[in-house]
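For reference, the chains in residue letters:
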Amino acid sequence: MIRRPPRSTLSSSSAASDVYKRQLLYHSSQNLSYAALLLIALLYFLSACVTYGIAVPSGTFIPCMVMGALWGRAFGQALQATPYFSYIHPGVYALAGSAAMITGVVRVTISIAVVLLESTEAFTSVIPLFVAVIAAKLVGDYLDAASLFDAHLALKKVPLLHSDPPGAEVALLPASAVAARPVSVIKKRSTLTELHDTLTLKTHSMFPVVEEDGSYVGMIPRRYLTFLMSKHQEVFEKVGVAGIMEEHTVLAHIRYVQDFPTYPKIGDIDLPSDAAELVIDLSPYLTPAIALHRTVTLQ
């Protein structure tokens, strides 16, 4: 009967395996089989491609380190076999290959070099290690500025604000180039029905408010509009016989703040039968207009 080894034996054997691989790839001076090195590197590459794309807690650091060490070891042994470089140690190339592989994938430089130096204790190989890291970073940035993780974020369409400011082509972009057309506006004096129809058809979070002649007077948030619509019995008034609004109540801003963050949605608001006759003056609730030139840039 086969007995399962105890947990301590499993962990110690895993640690021993890691030490053995490190000693074999980095410190051993004996020649290893080229076929074995390249085959294992290929298997690691295929396994890393599969595990990175599935929903399991697997990283790319160790696979990249092992793949780079295998490629570097094979290159170092091939170089050692020539009469001009018979004095070299292939383990140095395995270490440089690990650093170059990780740097090319994640585009991290100094920390990778420090981690590999501490894990392999090859402190005499500082210069080759930093040369490999810098070369991998430059070549990777020349081929594609995005690292594996940046490319994955772009593939998943995850919005990411980079630390670097936008380039000159974006900084000089006029605001009219990114403005939505046609502009969805709300009149300063609007009926409850008009507000309900606009907010139902449009999903904007902010709306420009205009006078009857179309002149811009300010902005108002969508949630402020739904808040006012939910209080239509207090803030909306019927238009008089002469078409003039009667005196209406202005809600204090503290009422709006107190309801945060549970503002009603447009679908939750029930319109009364006389909604088309209820009018509100949005002037007290607007963010005042700021004069901007039509060709203003993002700077």
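Analysis parameters
- Residues numbered from 1 in each chain as written.
- Predicted model: local features only at pLDDT ≥ 70, side-chain atom pairs only at ≥ 80, totals over all residues.
- Heavy atoms only, no water.
- Helix = DSSP H or I, 4+ residues; strand = E, 2+ residues; numbered from the N terminus.
- Buried < 20%, exposed > 50% of the residue type's maximum accessible area, 1.4 Å probe, protein only.
- Pairing = 2+ DSSP bridges.
- Contact = heavy atoms within 4.5 Å.
- Axes fitted to C-alpha atoms, helices over the stretch in contact; angles between N-to-C directions.
- Left-handed = near helix turned anticlockwise from the far one by under 90°.
- Salt bridge = Lys/Arg side-chain N within 4 Å of Asp/Glu carboxyl O.
- Phe/Tyr/Trp six-rings, centres within 6.5 Å; stacked < 30°, edge-to-face > 60°.
- Core = buried A, V, L, I, M, F, W, Y, C linked by side-chain atoms within 4.5 Å.
- Expected span 1.5 Å × (residues − 1).
- Arc of directions from axis to C-beta.

Draft legend 1. View of unusual backbone geometry. One non-glycine residue with positive phi stands out, namely arginine 107, at about 60°. As for its position among the elements, arginine 107 is in the loop between helix H4 (90-106) and helix H5 (110-120). Here lysine 157, not a glycine, exhibits a phi torsion of approximately 60°, which is positive. Along the chain, the position of lysine 157 falls in the loop between helix H7 (148-155) and helix H8 (168-171).

Draft legend 2. Expanded view of the pairing of strand S3 (residues 206-210). Most of S3 sits inside the fold, with four of its five residues counted as buried. Of the pairings in the sheet, the one linking strand S1 (residues 186-187) to S3 comprises two bridges and is parallel in character. Its bridge partner being in S3, lysine 187 is matched across the sheet by valine 210. Examined bridge by bridge, S3 and strand S4 (residues 216-221) share five bridges and lie antiparallel to one another. From the neighbouring strand, methionine 206 faces S4, where its bridge partner is proline 221. Hairpin connection of S3 to S4: five residues between the antiparallel strands, including glycine 214 at a positive phi of 95°.

Draft legend 3. Summary view of the sheet that holds S3. Pairing is mixed across the open sheet formed by four strands, whose spatial order is S1-S3-S4-S7. Each of the sheet's edge strands pairs with one partner strand only, and the pair in question is S1 and strand S7 (287-288). Helix H10 (residues 222-230) contacts S1, S3 and S4 of the sheet and is inclined by roughly 80° relative to S4.

Draft legend 4. Representation of the packing of H4 against H5 within the structure. Following both chains from N to C, one finds H4 and H5 inclined at 145°, their axes separated by 10 Å at the closest point. For the pair H4 and H5, the crossing hand works out as right-handed. Between H4 and H5, the contacting residues are Leu95, Ser98, Ala99, Ile102 and Thr103 on the first element and Ile112, Leu116 and Thr120 on the second.

Draft legend 5. Spatial organisation of the pattern of salt bridges. A complete count under the given rule lists four salt bridges for this structure. Between lysine 187 and glutamate 212 there is a salt bridge; the shortest N-O distance is 4.0 Å. Here lysine 187, found in strand S1, pairs with glutamate 212, found in the loop between S3 and S4; they are 25 residues apart in sequence, far enough to count as distant. A relative accessible area of 39% means that lysine 187 is categorised as partly exposed. Here glutamate 212 falls in the exposed class, since its relative accessible area comes to 58%. Glutamate 211 is the partner of lysine 188 in a salt bridge, and the nearest nitrogen-oxygen pair spans 3.0 Å. Linking lysine 188 in the loop between S1 and strand S2 (189-191) with glutamate 211 in the loop between S3 and S4, this pair joins segments that are 23 residues apart in sequence. Accessibility expressed as a relative area gives 27% for glutamate 211, which makes it partly exposed. Counted as one network, the salt bridges with shared partners bring together Arg107, Lys137 and Asp141.

Draft legend 6. Looking closely at the packing of aromatic side chains. Taken as a whole and assessed by the stated rule, the structure comprises five aromatic pairs. Between phenylalanine 85 and tyrosine 87, the ring centres sit 6.5 Å apart and the planes meet at 40°, which makes this aromatic pair tilted. Take phenylalanine 85: its relative accessible area is 33%, and that puts it in the partly exposed class. Tyrosine 87 sits in the exposed class, given a relative accessible area of 64%. Taken together through their ring pairs, the aromatic side chains of Tyr224, Phe227 and Tyr285 make up a single cluster.

Draft legend 7. Inspection of the nonpolar core at higher detail. Among the nonpolar cores identified, the biggest contains 24 residues, and Ile220, Leu225, Leu228, Met229, Phe236, Ile280 and Leu282 are the most heavily contacted of them. Taken together, the elements giving at least two residues each to this core come down to helix H9 (192-201), S3, H10 and strand S6 (278-281). The element that contributes the greatest number of residues to this core is H10, accounting for five residues. Excluding residues within four positions of it along the chain, leucine 225 makes contact with Ile186, Leu195, Leu199, Phe207, Ile220 and Leu282. Met65, Ile102, Ile112 and Ala113 belong to the second-largest nonpolar core, a separate cluster that totals 16 residues.

Draft legend 8. A look at helix H6 (residues 126-143). With 18 residues, H6 should cover 26 Å at 1.5 Å per step; its first-to-last C-alpha distance of 26 Å lies within 8% of that length. Inspection of H6 places Leu129, Ala132, Val133, Ala136 and Gly140 among the buried residues, and these make up the whole buried set. Projection of H6 onto a plane perpendicular to its axis shows the buried side chains occupying an angular sector of 100°, all on one side. Away from its buried face, by an angle of more than 90 degrees, H6 presents the exposed residues Ile127, Val131, Leu138 and Tyr142.

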